[in-house]
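Chains, contacts and geometry: an overview
Here is how the chains run, residue by residue.
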Amino acid sequence: MVIYPAIDLRDGKCVRLYKGDFATTKIYNDNPLAMLEEFASAGSEWVHMVDLDGAKAGQFMQLDLIRELVSKTSLKIEVGGGIRDTSDIEKLFSAGVSRAVVGSVCVTKPELVNQWINDYGADRIVLALDCALDTNGIPKVRTHGWQQESHFSVYDILDNYPSAKYVLCTDVGVDGTLAGPSIALYRQIQNHYPELSLIASGGVGKLADITDLMQLNVHGVVVGKALYENQFTLTDALAAAI
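All of the points below concern the structure found in this document. Model, not experiment: these values are computed from the prediction.

Bringing the packing of helix α4 (residues 86-94) against helix α6 (residues 110-120) into the picture now. When two helices pack together, you describe them by how their axes are tilted relative to each other and by the distance separating the axes. Their axes nearest at 11 Å, the elements α4 and α6 cross at an angle of 35°. Of the two possible hands of crossing, α4 and α6 adopt the one that is right-handed. Across from T86, I89, E90 and F93 in α4, the residues of α6 making contact are L112, W116 and Y120.

Attention now moves to the packing of aromatic side chains. Applying the stated criterion across every chain, the model contains 4 aromatic pairs. Look at Y28 and Y228: their rings are 5.3 Å apart centre to centre, the planes differ by 40°, and that puts the pair in the tilted class. With Y28 in strand β3 (residues 21-29) and Y228 in helix α10 (residues 225-228), this pair connects stretches of sequence that are 200 residues apart. Residue Y228 is classed as buried on the basis of its relative accessible area of 12%.

Within the largest apolar cluster, 66 residues are counted, with the highest numbers of intra-cluster contacts made by I7 and V102. For I7, the contacting residues outside a window of four places in its chain are C14, P32, M35, L36, F39, V47, H48, M49, V50 and Y228. Residues Y4, A6, A128 and Y166 belong to the second largest nonpolar core, which totals 10 residues.

For the rest of this paragraph, the subject is the side chain of E78. Turning to its location among the elements, E78 is positioned in strand β5 (residues 76-80). Residue classification places E78 among the buried residues on the basis of a relative accessible area of 0%. Side chain to side chain, E78 and H48 meet in a polar contact 2.7 Å long. Excluding residues that lie within four positions of it along the chain, E78 makes contacts with Y4, W46, V47, H48, M49, V97, R99, V101, V126, L168 and I199.

How each quantity is defined
- The numbers attached to residues start from 1 for each chain and follow its sequence in the written order.
- Owing to the predicted nature of the model, reporting of local features is limited to residues with pLDDT of at least 70; listing and counting of side-chain atom pairs is limited to 80 or more, with chain, interface and lining totals taken over all residues.
- Computation of side-chain values: all heavy atoms of the structure, hydrogens and water removed.
- To obtain each axis, a line is fitted to C-alpha atoms, and for helices this fit is confined to the stretch in contact; angles are then taken between N-to-C directions over 0 to 180 degrees.
- By definition, any uninterrupted DSSP run of H or I lasting at least four residues is a helix, any uninterrupted run of E lasting at least two residues is a strand, and each is numbered from the N terminus.
- Each crossing is labelled by how the near helix is turned from the far one, with a counterclockwise turn of less than a right angle marking it left-handed and a clockwise turn marking it right-handed.
- Whether two residues touch is decided by their heavy atoms; if any such pair falls within 4.5 Å, the residues are in contact.
- Within 6.5 Å between ring centres, the rings of Phe, Tyr and Trp (the latter by its six-membered ring) count as paired, and their orientation is classed by plane angle as stacked under 30 degrees, edge-to-face over 60, tilted in between.
- Any residue under 20% of the maximum accessible area for its type is buried, any over 50% is exposed, and the rest in between are partly exposed; the area is computed with a 1.4 Å probe on protein chains only.
- Here the nonpolar core consists of buried residues drawn from Ala, Val, Leu, Ile, Met, Phe, Trp, Tyr and Cys, with membership extended through side-chain atoms lying within 4.5 Å.
- Think of a polar contact as two N or O atoms within 3.5 Å of one another; within protein, one of them needs to be a possible hydrogen donor and the other a possible acceptor, and neighboring residues in sequence only count if both atoms come from side chains.

None of the figures reported here should be taken as evidence of function without further support.
Given below as structure tokens:
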């Protein structure tokens, strides 16, 4: 299982949110390059990076910083936040980003995103579905930096992508809480779409959470706040995921 240590960028700083609420922004490091170096030293191969300002605004806000960070590390980086059109994708790939993580646009413009999958390859496009469970336990997708709830379920969206490979799913209700990932949700998605490479995100707070996700045979897991809050080290997480 691949461990994706996370860097969420806001105003050029590494931050974390609580349950996707921008009002809860907590700054952990004002030097994202230093975080990349730390992740590389621990043995990571990948980093999951989000332009939170871009996600909220609906357009790239920190592309220059992302370009600089990519140029100064050997890590493979997947980037999301504010991707809305083909020019955004091209800018990211021109900057050296390994994968583009598309969220809101994969909900609103499936034809466009399917075209990206065809043009750039399924290996380079990650569908990012941020969701919150409704009163019936159905994962309803949120868009625009988690601020808007749609009437679509995760399954409504995934049915539009027969050629997709990577899907990153975040339960906003547990993200940033360290309370544990949504195991039942991921098991359900795995049962519906066993051919997808599922990346879990949100809620990881202890090494046992990584073990639990491994037992589901998910492709990977994004780990953020647990690392910044020193719940465990990235080195230990990487060892637990073998």
